[in-house]
Amino acid sequence: MRKQLISKIYLSLILSWLIFGLPAAVYAVNFRGQNFILSSAGSKQNSRIKFKKPPSRGLPAKREAGGTRRYGSSCFTPGTTLTLLLPEDGFGLTTSAYPRFFWYVPANTAQRVEFSLYRVNRKTQAKQLVYKQSLQPTQEAKVESIELPKNRQVSPLKINQLYQWSVTVFCTQQNDGSEVSRTVEGWLERITLPQNIVRKLQTLSPKNRLAVYAERGLWFDLLSTLAQLHYCRPSDVSLSNMTADIFEQVELSELTQSFTTTKLNSLSTKHFCINH
């Protein structure tokens, strides 16, 4: 009888794995004085991460570049256009003093790419340049990123300060020496979290932090952690499904595959992989 019961338990575990393809939630059952460990599909472990968008600031944003040739997009191949990886309203929150920024560049023949970050006065909308970096374009379609450098020339982002960031792709140079370009622009703001949330995050693994970032609307923290996890775990199917769902929520589904293969060849990312 006991052998039959154990066989049934193993069979139920196998069927659960085959049908649901999910890790099991563990619980114990006592049968005639013997404790047996059973398993069932764990809904908590596989619950959907819902990204909670912050209230709209009503800021003029341009997450995606247009596609008309007369504005210089002729250096892009047809298809998905130059796009900042941001929610639909072009605004995101972060807790990082030196966040990482992501954008998608389609296949192109551009001459150069320029990243810019500005501090913006909320009342007057006056802008002050914080950081600018010229980048060498790559011809293939891919998600690019840049992490704000931690050095004396770049100050950490201020708390509750509004910032605007942009990516400009310079396509061609005209006979008069002027350049034809495409620019996309977005916004971010650095905030602080309540101490109880900070303490909670310190106890969680990077993958489990994702739900907290999403609940708090921390788009930059969410995206950076996802990118690091994908870099360290390129074969993690559950992570890929999670990313696809999050990107669908902000209407970036077509960029999911490009994002999951983003290369983050920074020293901090390599340390991240070693530690996690």
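Residues numbered from 1 in each chain as written. Predicted model: local features only at pLDDT ≥ 70, side-chain atom pairs only at ≥ 80, totals over all residues. Heavy atoms only, no water.

Attention now moves to the pairing of strand β6 (residues 112-120). Burial runs high along β6: 8 of the 9 residues are buried. Relative to strand β7 (residues 127-135), β6 is paired through 8 bridges, and the arrangement is antiparallel. The residue bridging Leu-117 from the neighbouring strand is Tyr-131, located in β7. Between the antiparallel neighbours β6 and β7 lie 6 residues, among them Gln-125 with a positive phi of about 65 degrees. (Buried < 20%, exposed > 50% of the residue type's maximum accessible area, 1.4 Å probe, protein only. Helix = DSSP H or I, 4+ residues; strand = E, 2+ residues; numbered from the N terminus. Pairing = 2+ DSSP bridges.)

Moving on, we get to the environment of Val-120. Positionally, Val-120 belongs in strand β6. Spatially, the C-alpha atoms of Val-120 and Gln-164 are 6.8 Å apart, while their sequence positions differ by 44 residues. Apart from residues lying up to four places away in sequence, Val-120 is in contact with Gln-125, Ala-126, Lys-127, Gln-161, Leu-162, Tyr-163, Gln-164 and Trp-187. (Contact = heavy atoms within 4.5 Å.)

Here the focus is the state of the cysteines. Tallying each qualifying case throughout the model produces 1 disulfide. Paired by a disulfide, Cys-75 and Cys-171 hold their sulfur atoms 2.1 Å apart. Placement of Cys-75 in the loop between β2 (34-41) and β3 (83-84) and of Cys-171 in strand β9 (residues 162-173) is noted, with a sequence separation of 96 residues between them. Across the pair, Cys-171 and Cys-75 agree in class, each one buried. (Disulfide = S-S within 2.5 Å.)

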